[in-house]
Amino acid sequence: MAWAGGAEPRGDGRGDKRPAWDNRCQYLLSCIGFAVGLGNIWRFPYLCQTHGGGAFLIPYLIALVLEGIPIFYIELAIGQRLQRGSIGVWTAISPYLGGVGLGCLTVSFLVSLYYNTVLSWVLWYLLNSFQDPLPWSSCPLDINHTAFEAECQASSTVSYFWYRQTLNITADISDNGSIQWRLLACLAASWAVVYLCVIRGIETTGKAIYFTALFPYLVLTIFLIRGLTLPGAVRGLIYLFTPNVRTLRNPQVWLDAATQIFFSLSLAFGGHIAFASYNPPRNNCEKDAVTIALVNSMTSLYASIAVFSVLGFKAANDHGHCLDRNLLRLLNAFDLPDQSISRDDYAAVLAHLNASQPESVARLPLEVCHLEDFLDKSASGTGLAFIVFTEAVLHMPGAPGWAVLFFGMLFTLGLSSMFGNMEGIITPLLDMGVVRRSVPKEVLTGLVCLLCLLLATGFALQSGSYWLQVFDNYAAPLNLIIFAFFEVVGVAYVYGMPRFSDDIACMTGRRPGLYWRVTWKVISPLLLLTIFVAYIAVLAWTPLSYRAWDPRYARFPSWQEKSYPGWVQATCVLLCFLPALWVPAVALVQQLAKRRQKQDTWQDGCPKPQDGGAS
């Protein structure tokens with residue numbers, strides 16, 4: 001087997017023997033833990049519900065087969081064969097592709113900054129869950145202790161606890177506010193936990209992953225069993241998976257499916273390449289790629305069932321309260337006996353009163369109570385975790401226990417994903433030999449974690465959640481699509497399909513079949529290029545705006561849509577393209593270095609001029 005660029009598989013760049021997984025189970029759980037993250041819980045169910053229910057699975061599975069699994073297989077194969085992190089792998093394939101590895105490292109670094117901030121919020125909620133009643137179950141008194149806080153009464157108890165008592169959010173991104181010390185303490189604690197788990201690389205994460213990767217499945221199962229026994233759960237699941245094939249005509253559905261499978265598998269971060277580099281050379285990486293990808297997708301479906309069984313219960317509960325308020329108005333307005341009308345009889349009684357006394361009914365402030373409207377009030381991201389689901393937990397018997405389980409699950413989910421992010425940073429740095437051999441690995445890991453903590457303190461400001469949204473929306477998506485495109489093209493056309501097929505045969509015992517070769521050479525690059533163009537078009541047509549929480553807004557508690565200031569818009573554009581600039585920058589440096597080398601070689605080969613001075 002001939003290696004591109006004359007590179008050979010090697011150790012960790014420090015002259016030491018490269019670490020190895022204790023067993024295959026550790027490796028699989030680490031990859032699954034990295035792939036299965038918060039997005040499986042709070043984004044996939046939302047996309048499935050809003051994009052046609054079961055119909056969304058059609059573009060999702062197509063993207064999984066034609067895009068997700070092929071790229072994932074490439075990352076595991078090159079990491080395992082070259083035994084290096086992302087920078088070392090792409091430099092070995094071609095020095096001109098070294099920028100891909102640097103870009104992956106940069107994105108992993110930027111994502112780690114805000115991803116662990118989300119974990120600090122989860123930790124804050126987890127600590128507050130050890131109370132009965134839960135602190136977000138009622139409005140606090142105002143400063144005079146004569147009434148409830150006006151902002152809480154105008155919104156809701158869960159919204160007030162999230163936006164005011166947790167984030168203490170400002171009304172504008174330009175108003176930074178002050179450091180929220182409780183959040184900063186949780187942020188420091190989260191980074192301390194990450195450091196203790198990744199302090200010696202896979203030697204320590206390999207032990208922690210047994211708990212962080214398996215505990216979420218236990219909690220999801222508990223929530224699923226409990227959720228299915230709650231009233232309204234079946235209606236929630238029917239609403240979630242009822243297919244609406246007409247939504248497939250919308251190009252946004254296909255774009256969301258392609259990007260969801262892309263980010264769900266954590267492609268192009270460099271973490272999977274780093275994990276695979278600790279495998280034995282003859283491990284069956286094809287089987288691993290298919291297994292991990294399928295487990296990731298099945299986890300998304302499993303989580304959707306568990307989440308929407310609980311959200312169906314919440315919707316049924318809210319629908320019941322809505323009917324009760326209307327029933328009370330009818331009883332008072334028409335002097336009917338108490339409890340003379342049940343929820344089941346409400347529609348018939350209202351129709352009768354509308355026919356007999358329409359003017360009296362028209363004067364009543366009756367609410368529109370449709371179960372579907374309450375099922376529509378789902379959310380994704382932090383809105384699902386810290387508002388919708390926390391409110392659903394309040395209605396469950398033994399609410400504090402369910403809150404502890406839920407936020408404990410989210411913390412372990414995010415923690416196992418952080419293992420992959422940190423490996424995507426630490427492993428390339430070690431391979432490059434950025435520190436002397438005398439410097440322990442623990443020191444380098446500690447310095448990286450400390451730097452991340454210091455830079456992430458900005459997210460602990462009162463405007464921090466606005467900035468986290470900026471980083472989440474613009475730092476990773478476009479860059480990862482670009483890097484994945486160069487990964488596929490780099491392997492299929494720069495490294496060469498024949499040589500890569502030889503590598504696969506050496507590792508798995510058989511050459512890749514027609515499906516793999518066609519997807520690597522044609523389908524995946526074209527699909528990524530299409531996603532890139534579509535994503536650019538969406539960014540170009542979507543105004544750079546954000547939703548502000550402002551109690552002084554006339555339509556509060558609705559969000560106030562605001563445009564980003566010019567300097568924030570410039571930051572968004574910079575985040576979109578800055579990591580990707582490593583690719584042309586490194587290629588340009590390599591080209592200049594090669595030209596300089598040719599010039600030096602030509603000058604060394606020329607005869608030296610004779611001294612023409614007078615004698």
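Sequence order sets the numbering: in each chain, residues are counted from 1 along the sequence as written. Residue-level local features of this predicted model are given only where pLDDT is at least 70; pairs of side-chain atoms are given and counted only at 80 or more, and the full residue set underlies all totals for whole chains, interfaces and linings. To get the side-chain values, all heavy atoms of the structure are used, and hydrogens and water are removed first.

By the naming in an unreviewed UniProt entry, the chain is Transporter, taken from Enhydra lutris kenyoni. UniProt positions are given in the numbering used here, feature names are shortened, and annotations may be inferred rather than shown by experiment. Comment text from UniProt for the chain, heading Subcellular location (unreviewed entry), reads "Membrane". Of the chain, the UniProt comment under Sequence similarities (unreviewed entry) reads exactly: "Belongs to the sodium:neurotransmitter symporter (SNF) (TC 2.A.22) family."

**Some points on the overall build of the chain**
Helix and strand content of the chain: 25 helices and two strands. The quantity called the radius of gyration is restricted to C-alpha atoms. Its globule counterpart is 2.2 Å times the number of residues to the power 0.38. Here the chain has a C-alpha radius of gyration of 28 Å; the compact-globule value for 615 residues is 25 Å, and the two agree. Viewed in the frame of its principal axes, the chain has a C-alpha envelope of about 125 × 55 × 45 Å. Exposure categories follow from relative accessible area, calculated using a 1.4 Å probe and restricted to protein chains: below 20% of the type maximum is buried, above 50% is exposed, and the middle band is partly exposed. When burial is assessed residue by residue, the chain has 54% of its 615 residues classed as buried. Put simply, DSSP marks the helices as runs of H or I at least four residues long and the strands as runs of E at least two long, and each gets a number from the N terminus on.

**Structural notes on the packing of helix α5 (residues 86-93) against helix α6 (residues 98-128)**
Axis separation between α5 and α6 bottoms out at 7 Å; the angle between their running directions is 165 degrees. The angle between α5 and α6 places the two elements in the roughly antiparallel class. Here the hand of the crossing between α5 and α6 comes out right-handed. Across from S86, I87, W90 and T91 in α5, the residues of α6 making contact are G98, V100, G101, L102, C104 and L105. Each residue is assigned to one class: nonpolar for Ala, Val, Leu, Ile, Met, Phe, Trp, Tyr, Cys and Pro, charged for Asp, Glu, Lys and Arg, and polar for all the others, Gly among them. Its residues assigned to classes, the contact of α5 with α6 comprises six nonpolar, four polar and no charged. Where helices are involved, their axes are fitted lines through C-alpha atoms of the stretch in contact, as for all axes, and angles between N-to-C directions lie from 0 to 180°. Oblique is the label for any angle not covered by the other classes, which are roughly parallel (under 35 degrees), roughly antiparallel (over 145) and roughly perpendicular (65 to 115). Each crossing is labelled by how the near helix is turned from the far one, with a counterclockwise turn of less than a right angle marking it left-handed and a clockwise turn marking it right-handed. Residues are treated as being in contact if the distance between any of their heavy atoms lies within 4.5 Å.

**Considerations on the packing of aromatic side chains**
Any two rings among Phe, Tyr and Trp, with Trp reduced to its six-membered ring, count as a pair given centres within 6.5 Å; such a pair is stacked if its planes are under 30 degrees apart, edge-to-face if over 60, and tilted if neither. Evaluated as defined, the whole model comprises 41 aromatic pairs. Note on Y125 and W162: the rings are 6.0 Å apart at their centroids and 55 degrees apart in plane angle, and the pair reads as tilted. Taken as a pair, Y125 in helix α6 and W162 in helix α8 (residues 157-166) lie far apart in primary sequence, 37 residues in all. Comparing Y125 with W162 shows no difference in burial state: the two are buried. Above the ring of W124, the side-chain terminus of R182 is found at 5.8 Å from the ring centroid. Two conditions define a charge sitting above a ring: the NZ of Lys or the CZ of Arg must be within 6 Å of the ring centre, and it must be within 35 degrees of the ring normal. Cation over ring: R499 sits above Y495, and NZ or CZ is 4.7 Å from the ring centre.

**Topic: unusual backbone geometry**
Of note, the bond from D132 into P133 is cis; its omega dihedral lies within 30 degrees of zero at 5 degrees. Summarising the element assignment, P133 is placed in the loop between α6 and α7 (150-154). The peptide bond linking F556 to P557 adopts the cis configuration, its omega dihedral lying at 15 degrees. Phi angles above zero are rare outside glycine, and N168 is one such case at about 50 degrees. Among the secondary structure elements, N168 is positioned in the loop between α8 and α9 (181-198).

**As for the confidence of the model for the chain**
Chain-level pLDDT for the chain is 89 on average; 95% of the residues reach the 70-or-more range. For the chain, helix α17 (residues 371-375) is the element with the lowest average pLDDT, namely 80, and α9 is the one with the highest, namely 97. pLDDT: the predictor's confidence for each residue, scored from 0 to 100. Segment residues 1-10: pLDDT under 50, and 28 contacts once partners within four positions in sequence are set aside and those in other chains are kept.

**Here we look at the UniProt feature "binding site: Na(+)" (unreviewed entry) in the chain**
With numbering aligned to this structure, UniProt lists the feature "binding site: Na(+)" (unreviewed entry) at G33, A35, V36, N40, S264, N296, L413 and S417. For this annotated set, covering 385 residues, all C-alpha atoms fall within 12.7 Å of each other, a compact arrangement in space. Looking at where G33 falls in the secondary structure, it is placed in helix α1 (residues 24-35). Residue classification places G33 among the buried positions, given a relative accessible area of 3%. Those residues within four positions of G33 in sequence are excluded, and the remaining contacts are L413, S416 and S417.

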